[in-house]
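Coordinate inspection notes
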Amino acid sequence: MKQKKFLLPESEIPSQWYNIQAEMPNKPLPFLNPATREPMKASDLYPIFCEECAKQELNQTDTWIDIPEEVREQYSAYRVTPLVRAYGLEKALDTPAHIYFKNESVSPAGSHKLNSAIAQAYYAKQQGVTNLTTETGAGQWGGALSYATKMFGIDCAVYMVKVSYEGKPYRRSIMQTFGANVTPSPSMSTRAGKDILTVDPLYQGSLGTAISEAIELATTTPNCKYALGSVLNHVSLHQTVIGLEAEKQMALTGEDPDIIIACFGGGSNFCGISFPFMRHKIAGKTNTRFIAAEPAACPKLTRGKFEYDFGDEAGYTPLLPMYTLGHSFKPSSIHAGGLRYHGAGVILSQLMKDGYMEAVDIDQVESFDAGVLFARSEGIIPAPESCHAIAATVREALKCKVAGESKTILFNLSGHGFVDMASYDSYFSGDMQPYHISDEELAKFIKSADALNNLA
Ligand SMILES: *Cc1c(COP(=O)(O)O)cnc(C)c1O
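These remarks concern the structure in this document. (Residues numbered from 1 in each chain as written. Predicted model: local features only at pLDDT ≥ 70, side-chain atom pairs only at ≥ 80, totals over all residues. Heavy atoms only, no water.)

1. As for the overall build of the protein chain
Defined as follows: What counts as a helix is a DSSP run of H or I of at least four residues, what counts as a strand is a run of E of at least two, and both are numbered from the N terminus. For this measure, only C-alpha atoms enter the radius of gyration; the expected value for a globule follows 2.2 Å times N^0.38, where N is the number of residues. When checking whether two residues touch, look at their non-hydrogen atoms; a contact exists if any pair is within 4.5 Å. Accessibility throughout is a Shrake-Rupley quantity obtained with a 1.4 Å probe, and a residue counts as covered only by protein chains that appear here. In summary, the charge assignment counts Lys and Arg as positive and Asp and Glu as negative, without counting His or the chain termini. Working definition for charges: the position is that of NZ of Lys, CZ of Arg, CG of Asp or CD of Glu.
Each helix and strand counted, the protein chain has 17 helices and 15 strands in total. Computed over its C-alpha atoms, the radius of gyration of the protein chain comes to 20 Å, within 12% of the 23 Å expected for a compact globule of 456 residues. When contacts within the protein chain are restricted to residue pairs at least 6 apart in sequence, those whose partners lie at least 24 apart make up 76%. Accessible area of the protein chain: about 16600 Å², with a carbon and sulfur share of 52%. Here the protein chain carries 40 positive and 50 negative side-chain charges, and the mean point of each set is 1 Å from the other.

Structure, rendered in structure tokens:
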């Protein structure tokens, strides 16, 4: 029998996270205070984030950061996650490529998001914080944080993007099952929400808006901090457990990945699987290709601009140097809710600019085509977000077929799609559109970022 799964014992759960900032040839540009344009220090972030997370956010010196024992203990509920050789998918594509995937869908929350949720809930507890607040798009991050806060005995309040609150009721039930308080965003409970609803009472919400609401609650409530599930440097840091494990598991297969692929929302699962491998590329030892697969409806890496922008719609966050579509960006209601964010992570934006990685954009019909093929050949129903990574993998595997060469491709299966079957229904009904956004539409939104860079 061919070996399909590459497993490691719990004792191989990483004991340190990998901080790529310390080894980047060009460090990320500083976060700027929007009022003064001065670079920000970690302590400037303390009103919003837990102190340890704020320190990790701006840490450009320590290559390795210890994972607290309590966090490793929580990781052991589902880590080390399996690395799997996708023989079924290879056969379905009739490709000479060797395809592997790291299966993060096995976490209790159903996605990779728990890797950072556990760490952030732990640091909150350590600091004596009693409440965490956050936003969630598709509900994956909210579900993960609800679980993690429950494990550490902290209260959790979640602003859920309205289109998902209504369209994905079971994600809301999951959060409520883990004891979280869930509010649809925009809501009338914050100034940011009220302002937006006044202009557009029917607005279906976006991550940018929900972030504004959650930050406002955190800064106006005693003993309450804000937690973010993507985009930020400390989130990507926590996600490096994915790549660190995958590196050891790839060694068991006797192969080195030529191409590493992950879907891309704010970058955390992409950074998580890529950075431990990218360090060897930075050191000049390998020439691995790294491909971020983003939705054609929200193409910040392929069609956005590298400049300073806010991380949220209302402008409560620092100014971040990143690829962005403009903080006023209003994405269309595609099914991969977790990929509808206007900006990319700061570290990864710099690495993209410096040519260490590439990006492709994929429309939702192509992504579901690939997701269904994967389900039928591997027996796992992928999250709509993860379908983008599978579609990019399929493209590369078919190129191998045409060229008659065998490459080793590793992709991250960021989550399962059990709570997303309504999206699959829409795909099977034939109503789903291969949505692309026009240049004119994009140009309209990017102005909101240009204005901050004095380019408008
Ligand atoms: C949130 C989410 C994503 C996108 O977030 P990243 O930070 O870009 O990883 C991708 N897949 C799943 C399953 C998610 O829940």
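Resuming the write-up.
2. Comments concerning the site of the ligand
Selection rule: We define proximity as follows: a residue is near a molecule or strand when any one of its heavy atoms falls within 4 Å of that partner. Identification of polar contacts relies on pairs of N or O atoms within 3.5 Å, with a donor-acceptor requirement for protein atoms, meaning one able to donate a hydrogen and the other able to accept it, and with residues adjacent in sequence counted only if both atoms are side-chain atoms. All amino acids are sorted into three groups, where Ala, Val, Leu, Ile, Met, Phe, Trp, Tyr, Cys and Pro are nonpolar, Asp, Glu, Lys and Arg are charged, and the leftover types, Gly among them, are polar.
Taken together, 18 residues lie near the ligand, and Lys113, Ser230, Gly265, Ser268 and Ser414 sit nearest. Contacts to the ligand include Lys113, whose side-chain N or O atom sits 2.6 Å from an oxygen atom. In this structure, Gly266 approaches the ligand through a main-chain N or O atom, which is 3.0 Å from an oxygen atom. In terms of residue class, the shell around the ligand is made up of four nonpolar, 12 polar and two charged.

3. Quick look at helix α4 (residues 114–126)
Rules: Here, expected helix span is obtained from the residue count minus one, scaled by 1.5 Å. The classification of residues rests on relative accessible area computed with a 1.4 Å probe and restricted to protein chains. Under 20% of the type maximum is buried, over 50% is exposed, and intermediate values are partly exposed.
Spanning 13 residues, α4 covers 18 Å between terminal C-alpha atoms, matching the ideal 18 Å at 1.5 Å per step. Among the 13 residues that make up α4, 11 are buried, leaving the element largely enclosed by the rest of the structure. For α4, the complete set of buried residues consists of Leu114, Asn115, Ser116, Ala117, Ile118, Ala119, Gln120, Ala121, Tyr122, Tyr123 and Ala124.

4. A short note on the nonpolar core
So the rule is basically this: Only buried residues count toward a nonpolar core, which is a set of Ala, Val, Leu, Ile, Met, Phe, Trp, Tyr and Cys residues joined through side-chain atoms within 4.5 Å.
Of all hydrophobic cores here, the largest spans 39 residues; its most connected members are Trp17, Tyr75, Leu114 and Ile118. If you list the elements that add at least two residues to this core, you get α2 (69–75), α4, α5 (140–152), β7 (155–161) and α10 (233–253). Counting residues per element, this core draws most heavily on α4, which supplies eight residues. Not counting residues up to four positions away in its chain, the partners in contact with Leu114 are Tyr75, Tyr78, Ser107, Pro108, Ala109, Ala144, Tyr147 and Ala148. In terms of nonpolar packing, the next biggest core, distinct from the first, is built from 33 residues, Met250, Phe277, Leu301 and Ile347 among them.

5. What to know about unusual backbone geometry
Following Arg79, the chain continues into Val80 via a peptide bond in cis, with omega recorded as 0 degrees. Relative to the helices and strands, Val80 resides in the loop between α2 and β4 (83–85). For the bond from Ser185 to Pro186, the omega torsion is 5 degrees, close enough to zero to count as cis. The residue Pro186 is located in the loop between β8 (181–185) and α8 (191–199) in this model. Even without being a glycine, Asn223 presents a positive backbone phi close to 60 degrees. Looking at where Asn223 falls in the secondary structure, it is placed in the loop between α9 (207–220) and β9 (224–226). Notably, Val231 is not glycine yet its phi reads approximately 65 degrees, a positive angle. Of note, Val231 is situated in the loop between β9 and α10. Since its relative accessible area comes to 7%, Val231 is described here as buried.

6. Some thoughts on the packing of aromatic side chains
What describes a pair of aromatic rings is the distance from one ring centre to the other and the angle between the planes of the rings. Stated precisely, the cut-off is as follows: Only Phe, Tyr and Trp rings are paired, with Trp represented by its six-membered ring, and only when their centres lie within 6.5 Å; those with planes under 30 degrees apart are stacked, over 60 edge-to-face, the remainder tilted.
The tally for this structure, following the rule as stated, stands at 16 aromatic pairs. Taken together, a centroid distance of 5.6 Å and an interplanar angle of 25 degrees make the contact between Phe101 and Phe411 stacked. Placement of the pair is Phe101 in strand β5 (residues 98–103) and Phe411 in strand β15 (residues 408–413), with a sequence separation of 310 residues. When sorted by exposure, Phe101 lands in the same class as Phe411, which is buried.

7. Thoughts on the sheet that holds β5
Through backbone hydrogen bonds, the strands of a sheet pair up, either in parallel or in antiparallel fashion. Worth spelling out the cut-off: By the convention used here, strands pair only if DSSP detects at least 2 bridges between them. Axis angles are defined between N-to-C directions and span 0 to 180 degrees, where every axis is a line fitted to C-alpha atoms and, for a helix, only to the segment in contact.
Strands sit in the order β1-β4-β5-β15-β10-β11-β14 across an open sheet of seven strands; the sheet is mixed. Either end of the sheet is taken by a strand with one partner, and the two such strands are β1 (5–6) and β14 (358–362). Where strand β11 (residues 289–295) meets β14, five bridges bridge the pair, whose relative direction is parallel. Its bridge partner lying in β14, Ile291 is registered against Glu358. The strands that helix α15 (residues 384–403) touches are β5, β10 (259–263), β11, β14 and β15; relative to β10, the one it contacts most, it runs at about 150 degrees.

Read these as geometric descriptors, not functional statements.
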